[in-house]
Amino acid sequence: KASLLTKFLNYKDSARVTINVGEITMTMMRDAVEVCDFGYMKMLSVIGIWIKLVFALVFILSENRLAVIPLIAYPLVLGAFLVCRERMTIRVFEHKAKQQNHMVQV
């Protein structure tokens with residue numbers, strides 16, 4: 001956060017005037033934390049989940065070969081659903097962020 005503020009303060013005055021105060025405030029308070037918590041830290045969790053899934057997959061398939069059908073079908077259906085919802089989810093989160101920026105600005 002401190003590096004981001006230092007970088008902002010090193011901008012020329014003409015560039016700083018064009019940046020909304022609410023946007024820079026929310027970037028430091030919300031977006032920096034969001035990138036760390038929902039980006040980097042979640043990737044570590046996802047890796048752990050994938051490792052558990054691989055071990056579960058090996059165990060399930062060793063017990064029942066027909067279990068491969070739902071193990072393949074479920075991720076495909078879930079992936080298709082997430083792809084369909086991606087644009088709407090991004091639009092809703094961007095609208096929420098703009099409303100928060102506006103609230104800080106006022």
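For every chain, the first residue of its written sequence is number 1, and the numbers climb from 1 along that sequence. Per-residue local features are limited, in this predicted model, to residues with pLDDT of at least 70; the limit for side-chain atom pairs, both in listing and counting, is 80 or more; totals at the level of whole chains, interfaces and linings are taken over all residues. Note that water and hydrogens are dropped before the side-chain values are worked out from all heavy atoms of the structure.

Chemist: An account of the overall build of the chain is requested, with residue identities and associated values reported.
Modeler: Secondary structure is summarised from DSSP: a helix means a run of H or I of at least four residues, a strand means a run of E of at least two, and numbering begins at the N terminus for each. Within the chain one finds 4 helices and 0 strands. Start at the N end of the chain and walk to the C end: the helices and strands fall as α-α-α-α. The reference for a compact globule is 2.2 Å times residues^0.38; the radius of gyration itself is calculated from the C-alpha atoms. Taken against the 2.2 N^0.38 rule, which gives 13 Å for 106 residues, the C-alpha radius of gyration of the chain at 22 Å runs more than 25% over that of a compact globule. Dimensions of the chain, computed from C-alpha atoms along their principal axes, come out at roughly 65 × 25 × 20 Å. Accessible area is worked out with a 1.4 Å probe on protein chains only. A residue is then buried under 20% of its type maximum, exposed over 50%, and partly exposed in between. For the chain, the residues scored as buried account for 8% of the 106 residues in total. We call two residues in contact when some of their heavy atoms are within 4.5 Å. The long-range fraction of contacts in the chain, counting pairs at least 24 apart against all pairs at least 6 apart in sequence, stands at 57%.

Chemist: Residues and numbers for the environment of Ala67, please.
Modeler: Among the structural elements, Ala67 can be located in the loop between helix H3 (21-63) and helix H4 (68-105). Classification of Ala67 as buried rests on a relative accessible area of 13%. Distance in space between the C-alpha atoms of Ala67 and Val46 is 23 Å, their sequence separation being 21 residues. With residues up to four places along the chain from it excluded, the contact list for Ala67 reads Ile60 and Leu61.

Chemist: Report on H3, specifying residues and quantitative values.
Modeler: With 43 residues, H3 extends 60 Å from end C-alpha to end C-alpha; this agrees with the ideal 63 Å at 1.5 Å per step. A maximum bend of about 45° is found in H3 at Thr27. When H3 is considered as a whole, its buried residues turn out to be Gly22, Ile24, Met26, Met28, Arg30 and Leu61. Residue count minus one, scaled by 1.5 Å, sets the expected span of a helix. What the bend at a residue measures is the angle between two axes, fitted to the seven residues ending there and to the seven starting there.

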